Amino acid sequence: MSILSNRINNLAESATIKMAKLGRELAAKGVDVISLSLGETDFFTPDFVKDAAEKAINENYSYYTPVAGYPDLRKAIAAKLKRENKVDFGFDQIVVSTGAKQSLANAILCLINPGEEVVIPTPYWVSYSELVKLAEGESVFINATIESDFKITPEQLEAAITPKTKLFMFSSPNNPTGTVYTREELAALVAVFEKHPNIYIISDEIYEHINFIGEHVSIAEFESIKDRVIIINGLSKAYAMTGWRLGWSASNKEIAVAIEKLQSQVTSGTSSITQMAGIAAYNGSLDSVKEMQKVFLRRRDLVYGLLKEIPGMKVNLPAGAFYFFPEISSFFGKSFEGEVIKNAEDLSLYLLNVGHVATVSGDSFGDPNSIRLSYAAADDKLIEACKRIKSALEQLKDEKTVPAV
């Protein structure tokens, strides 16, 4: 019998972290691996943000912070929400956490009772369903496909709702697909939520600034449901601050108080130095963010052209984030040196071991027919990675049926 709890034994390891780990292990053996597995930009934190952190160190910001975060940071986030997203939240409705992943976990654990249902469109970020599992809730998936640009319809949403439904959770721009919902598409989903006043909505907006359609629309902008929306965001993507670990949630006051209560027993406040850097980020210029967005747009177009040249790979054009999520089921059943590719995980491992490119299987994102590739890498790396992927896939052979004797 295991000494560990059922809770941890039932929890899956993060697939993105797992593939990055396998890639590092192969690289440690001297293999030239190109990693397209982690959702991490290759940019550096803006200098004015680093300067603010250095200043905070020198001014001895080294003591515990309020659990919910420094008031000045929460006020800066509230101002950002009003300025950039056209939504009003008081600073006391914002809780700062150690990364957006903790903010998600906080919200789910505060809302979900055992057996309650959380509706999640697929593909979804790998941690969504695992966090629901941790809260002893039940995930209900709505399958979206590449043919619909990985978007769900109001009809699909309505069909997924039951008397047990407590929460709907999604991201736009989406990880892993790069899908971005337009204002009109969100309005159609909001019309469904208006008929179900007991359902809350977690809107993961961590990729809001890596958006190629001209505007980011938060579902919290729709006043009829705003009080039921929990926005999740943070510094990691827009400000290239993945290692700094600062995320936050914005919600109604009752939920915010509950989140602060939970966090007080888990981590307390996040790093004082990171929070001071965050104040500078949210009060500062978006120039570096806009420059990064331009680079990602160019890389997206570059990789889109290269992936479209690979026979058997079905690709759509992402409208945001920095991922492609190609459909690769045409390669299932093919083999290399006697090893048959049975599923997306097999293909992802094949691309790592033969093509020396680290990707992530779509299974853990809720789509077993796809893989995720990040294009948060230099142009030359992306070109070489696509070349390796194409070459590796071309080496796969159709399985021949051996006649019985």
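Scroll up a little and you will see the structure.
So, here is what we can say about the structure in this document. Keep in mind that what you see is a predicted model, and the values were worked out from it rather than measured. (Residues numbered from 1 in each chain as written. Predicted model: local features only at pLDDT ≥ 70, side-chain atom pairs only at ≥ 80, totals over all residues. Heavy atoms only, no water.)

A word on the overall build of the protein. Scanning the protein for helices and strands turns up 13 helices and 15 strands. In terms of C-alpha radius of gyration, the protein reaches 22 Å, essentially the compact-globule figure of 22 Å for 405 residues. Carbon together with sulfur atoms contributes 53% to the accessible area of the protein, which is approximately 18,000 Å² in total. Averaging the positions of the 42 positive and the 51 negative side-chain charges in the protein gives two centres separated by 2 Å. (Helix = DSSP H or I, 4+ residues; strand = E, 2+ residues; numbered from the N terminus. Rg over C-alpha atoms; globule rule 2.2 N^0.38 Å. Areas by Shrake-Rupley, 256 points an atom, 1.4 Å probe, with all protein chains shown as cover. Lys, Arg positive; Asp, Glu negative; His and termini not counted. Charge placed at Lys NZ, Arg CZ, Asp CG, Glu CD.)

Overall, antiparallel pairing links the three strands, which are arranged S9-S14-S13 in an open sheet. The open sheet has two free edges, formed respectively by strand S9 (323-324) and strand S13 (360-361), since each of these has just one partner strand. As paired elements, S9 and strand S14 (residues 371-374) share two bridges and run antiparallel to each other. Opposite Phe-324, over in S14, you have Leu-373 as the bridge partner. (Pairing = 2+ DSSP bridges.)

It is worth spelling out the side chain of Ser-348 at this point. Tracing the backbone through its elements, the reader meets Ser-348 in helix H12 (residues 344-353). Owing to a relative accessible area of 1%, Ser-348 belongs among the buried residues under this scheme. Among the polar contacts listed, one links the side chain of Ser-348 to the side chain of Thr-359, at a separation of 2.9 Å. Excluding its chain neighbours within four sequence positions, the residues that come into contact with Ser-348 are Met-19, Thr-359, Val-360 and Ser-361. (Buried < 20%, exposed > 50% of the residue type's maximum accessible area, 1.4 Å probe, protein only. Polar contact = N/O pair within 3.5 Å; in protein donor to acceptor, adjacent residues only side chain to side chain. Contact = heavy atoms within 4.5 Å.)

Another point: the packing of aromatic side chains. One pair of aromatic rings is described through two measures. These are the centre distance and the angle between the planes. Evaluated as defined, the whole model comprises 19 aromatic pairs. Measuring from ring centre to ring centre gives 5.1 Å for Tyr-124 and Phe-141, while their planes differ by 5 degrees; the resulting arrangement is stacked. Of this pair, Tyr-124 sits in the loop between strand S3 (117-122) and helix H6 (127-134) while Phe-141 sits in strand S4 (residues 138-143); the two residues are 17 residues apart in sequence, bridging distant segments of the chain. A relative accessible area of 6% places Tyr-124 in the buried class. (Phe/Tyr/Trp six-rings, centres within 6.5 Å; stacked < 30°, edge-to-face > 60°.)

Bringing the pairing of strand S5 (residues 165-171) into the picture now. When you tally the buried positions in S5, you get seven out of seven residues, the bulk of the element. Examined bridge by bridge, S5 and strand S6 (residues 200-204) share five bridges and lie parallel to one another. Counterpart to Leu-167 in the pairing with S6 is Tyr-200. Since S5 and S6 lie parallel, the crossover through helix H8 (residues 183-193) that links them has a hand, and here it is right-handed. (Right-handed = clockwise from strand over helix to strand, strands pointing away.)

It is worth spelling out the sheet that holds S4 at this point. Pairing in this open sheet of seven strands is mixed, and the strands run S2-S8-S7-S6-S5-S3-S4 from one edge to the other. The open sheet has two free edges, formed respectively by strand S2 (94-97) and S4, since each of these has just one partner strand. Between one strand axis and the next, the sheet turns through 20 degrees on average, direction left out of account. Across four bridges, the pairing between S6 and strand S7 (residues 229-234) is parallel. Bridging from a neighbouring strand, Ile-202 pairs with Ile-230 of S7. (Axes fitted to C-alpha atoms, helices over the stretch in contact; angles between N-to-C directions.)

Moving on: the environment of Ile-201. Locating Ile-201 in the fold gives a position in strand S6. Sequence spacing of Ile-201 and Lys-166 is 35 residues, and the spatial spacing of their C-alpha atoms is 8.8 Å.

Between Thr-122 and the following residue, Pro-123, the backbone shows a cis peptide bond with an omega angle of -5 degrees. For Pro-123, the location among the structural elements is in the loop between S3 and H6. Residue Pro-173 is bonded to the preceding Ser-172 through a cis peptide linkage, with omega at -5 degrees. The topology assignment puts Pro-173 in the loop between S5 and H8. With a phi angle near 60 degrees, Ser-268 is a residue other than glycine that sits in the positive phi range. If you trace the backbone, Ser-268 turns up in the loop between helix H9 (253-264) and helix H10 (272-283). Residue Ser-268 is classed as partly exposed on the basis of its relative accessible area, which comes to 29%. Residues other than glycine seldom take positive phi values, yet His-356 does so here, at roughly 60 degrees. Take His-356: it is sitting in the loop between H12 and strand S12 (357-358). For His-356, a relative accessible area of 26% puts it in the partly exposed group.

Interaxial distance between helix H11 (residues 287-307) and helix H13 (residues 379-394) falls to 10 Å at its minimum, and their mutual angle equals 15 degrees. Of the possible angle classes, the one that applies to H11 and H13 is roughly parallel. Like other packed secondary-structure pairs, H11 and H13 cross with a definite hand, here right-handed. The segment H11 lies against H13, with Arg-298, Arg-299, Leu-302, Val-303, Leu-306 and Leu-307 engaging Asp-379, Leu-382, Ile-383 and Cys-386. Of the residues in the contact of H11 with H13, the class split is seven nonpolar, no polar and three charged. (Parallel < 35°, antiparallel > 145°, perpendicular 65-115°, else oblique. Left-handed = near helix turned anticlockwise from the far one by under 90°. Nonpolar A, V, L, I, M, F, W, Y, C, P; charged D, E, K, R; others polar.)

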